[in-house]
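Summary of structural features
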Amino acid sequence: MTVGAREGAPRQRRDARRNRELLLEAAHEVFTEQGLDAPLDVIARRAGVGNATLYRHFPTRTALVDAVFRDSLTGTMEAGERARKAPDAWAGLTAYLDVVFTALAADRGSNDLMTTHLRGVDSLEAVHEHNRRTVDALLVRCRDEGTVRADVTTEDVLFGLAALGRAVPALTAATTPDAWRRPLALFLGGLRAAPAAPAAPSLPAPALTAADLGEVLRELGPHRTRAGGRDPGV
């Protein structure tokens, strides 16, 4: 074997590692902006590589999604662990949901992951199950402490959170980055037991105007444009 051949293999490995890093960086940017249905060729172009290189590193979309979001999903699980240990279960639940919804508002890719079901992403399956167990454990404690309605189920809460979370990107795009706090406060208020629970605090953030609501609904529609794009009818 020649010296050039021996040097070629380490260089190829370095190039492969670099291409993988570029792809992960580009995918995170594109998924954050456009969601998980973003075209993969857009990711390849932003990374400065060809489609063949992308598929060599990540044969499927789910493999790419798993690699991009594994660390952030771990962070959500860590927040759930902290919430379970909170001395006050209601405070633990609200603090946990604050972390979750902050992520849903900041990143369309994370929002798609947490509010829908994407098969084949192992880390996502783990975080969904951890989320369910976290909410369930906190609700059990809240019922024992008399701070939530006795008839509220874990599935009630998870469905409501998923539906609300799904609307968060449209809400924040049309209004302000923390506009989700008001509808989340309203949702949580509906879970509270009465009259044992203390009076609810004032709702955060300004209420939506009629124009705001119209813009949010437009963002939710199937004709929603991608970041930086134009309406199809323009």
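Parameters at a glance
Residues numbered from 1 in each chain as written. Predicted model: local features only at pLDDT ≥ 70, side-chain atom pairs only at ≥ 80, totals over all residues. Heavy atoms only, no water. Phe/Tyr/Trp six-rings, centres within 6.5 Å; stacked < 30°, edge-to-face > 60°. Lys NZ or Arg CZ within 6 Å of the ring centre and 35° of its normal. Helix = DSSP H or I, 4+ residues; strand = E, 2+ residues; numbered from the N terminus. Buried < 20%, exposed > 50% of the residue type's maximum accessible area, 1.4 Å probe, protein only. Contact = heavy atoms within 4.5 Å. Core = buried A, V, L, I, M, F, W, Y, C linked by side-chain atoms within 4.5 Å. Patch = residues over 30% accessible without salt bridge, like charges linked within 9 Å, V, L, I, M, F, W, Y side chains within 5 Å. Areas by Shrake-Rupley, 256 points an atom, 1.4 Å probe, with all protein chains shown as cover. Salt bridge = Lys/Arg side-chain N within 4 Å of Asp/Glu carboxyl O. Lys, Arg positive; Asp, Glu negative; His and termini not counted. Charge placed at Lys NZ, Arg CZ, Asp CG, Glu CD. Axes fitted to C-alpha atoms, helices over the stretch in contact; angles between N-to-C directions. Parallel < 35°, antiparallel > 145°, perpendicular 65-115°, else oblique. Left-handed = near helix turned anticlockwise from the far one by under 90°. Nonpolar A, V, L, I, M, F, W, Y, C, P; charged D, E, K, R; others polar. pLDDT = per-residue confidence, 0-100. Polar contact = N/O pair within 3.5 Å; in protein donor to acceptor, adjacent residues only side chain to side chain.

Here the focus is the packing of aromatic side chains. Counted under the stated rule, the structure contains two aromatic pairs. The residue whose ring lies beneath Arg 192 is Trp 90, and the NZ or CZ to ring-centre distance is 4.1 Å.

Glancing now at the environment of Phe 101. With respect to the helices, strands and loops of the structure, Phe 101 is situated in helix 5 (residues 89-106). The buried category is assigned to Phe 101, whose relative accessible area is 1%. C-alpha of Phe 101 to C-alpha of Leu 184: the two residues are 83 residues apart in sequence and 8.8 Å apart in space. If near-sequence neighbours (up to four positions away) are discounted, Phe 101 is found in contact with Leu 161, Leu 164, Gly 165, Val 168, Trp 180 and Leu 184.

In this structure, Phe 31, Ile 43, Leu 64, Phe 69, Phe 101 and Leu 184 are the most contacted members of the largest nonpolar core, which totals 54 residues. Those elements that provide at least two residues to this core are helix 1 (3-34), helix 2 (40-47), helix 4 (61-84), helix 5, helix 6 (108-115), helix 7 (122-145), helix 8 (154-174) and helix 9 (181-191). The contact partners of Phe 31, leaving out residues within four places of it in the chain, are Leu 36, Ala 38, Ile 43, Arg 61, Leu 64, Val 65, Val 68, Phe 69, Asp 107, Arg 108 and Gly 109.

Quick look at a positive patch on the surface now. Taken together, the side chains of Arg 11, Arg 13, Arg 14 and Arg 17 define a basic patch exposed on the protein surface. Note on placement: Arg 13 falls in helix 1.

Here we take up the packing of helix 6 against helix 8. As a packed pair, helix 6 and helix 8 sit with axes 9 Å apart at the nearest point and diverge in direction by 165 degrees. Taken together, the axis directions place helix 6 and helix 8 in an arrangement best described as roughly antiparallel. The way helix 6 lies across helix 8 gives a crossing that is left-handed. Contact residues: Arg 108, Asn 111, Asp 112 and Thr 115 in helix 6; Ala 162, Gly 165, Arg 166, Val 168, Pro 169 and Ala 173 in helix 8. By residue class, the composition of the contact of helix 6 with helix 8 is four nonpolar, three polar and three charged.

Turning our eyes to something else, we now look at the pattern of salt bridges. Evaluation of the coordinates by the stated rule reveals eleven salt bridges. One salt bridge connects Arg 70 with Asp 66, and the closest N-O pair in it is separated by 2.7 Å. With Arg 70 and Asp 66 both in helix 4 and four residues apart, this pair spans about one turn of that helix. The exposure class of Arg 70 is partly exposed, given its relative accessible area of 39%. You can call Asp 66 buried: its relative accessible area is 13%. The partner of Glu 145 in a salt bridge is Arg 141, with the nearest N and O atoms 3.7 Å apart. Taken together, the residues Glu 145 and Arg 141, both in helix 7 and four residues apart, mark about one turn of the helix. Residue Glu 145 is classed as partly exposed on the basis of its relative accessible area, which comes to 38%. Each of the salt bridges in this network shares a partner with another, and the network as a whole consists of Glu 29, Glu 33 and Arg 46.

Residues at a pLDDT of 70 or more form 85% of the protein, whose mean pLDDT is 84. Here helix 10 (residues 210-220) stands out as the element of the protein with the lowest mean pLDDT, 74, in contrast to helix 2, whose mean of 96 is the highest. Scored below 50 in pLDDT, residues 225-234 shows eleven contacts in the model against residues more than four places distant or in partner chains.

Let's shift gears to helix 6. Extensive coverage of helix 6 is indicated by the burial of eight of its eight residues. Considered for burial, the residues of helix 6 that qualify are Arg 108, Gly 109, Ser 110, Asn 111, Asp 112, Leu 113, Met 114 and Thr 115. In this structure Asp 107 caps helix 6, since a side-chain oxygen of it lies 2.8 Å from the backbone nitrogen of Gly 109.

What follows covers the side chain of Asp 112. Note that Asp 112 resides in helix 6. Among all residues touching Asp 112, those that are not within four sequence positions of it are Gly 35, Leu 36, Asp 37 and Arg 166.

Right, let's get into the packing of helix 4 against helix 6. Relative to each other, helix 4 and helix 6 sit at 75 degrees, their axes nearing to 11 Å. Classified by the angle their axes make, helix 4 and helix 6 are roughly perpendicular. Here Val 65, Phe 69, Ser 72, Leu 73 and Thr 76 of helix 4 come into contact with helix 6, specifically with Gly 109, Ser 110, Leu 113 and Met 114. Of the residues that constitute the contact of helix 4 with helix 6, the class distribution is five nonpolar, four polar and no charged.

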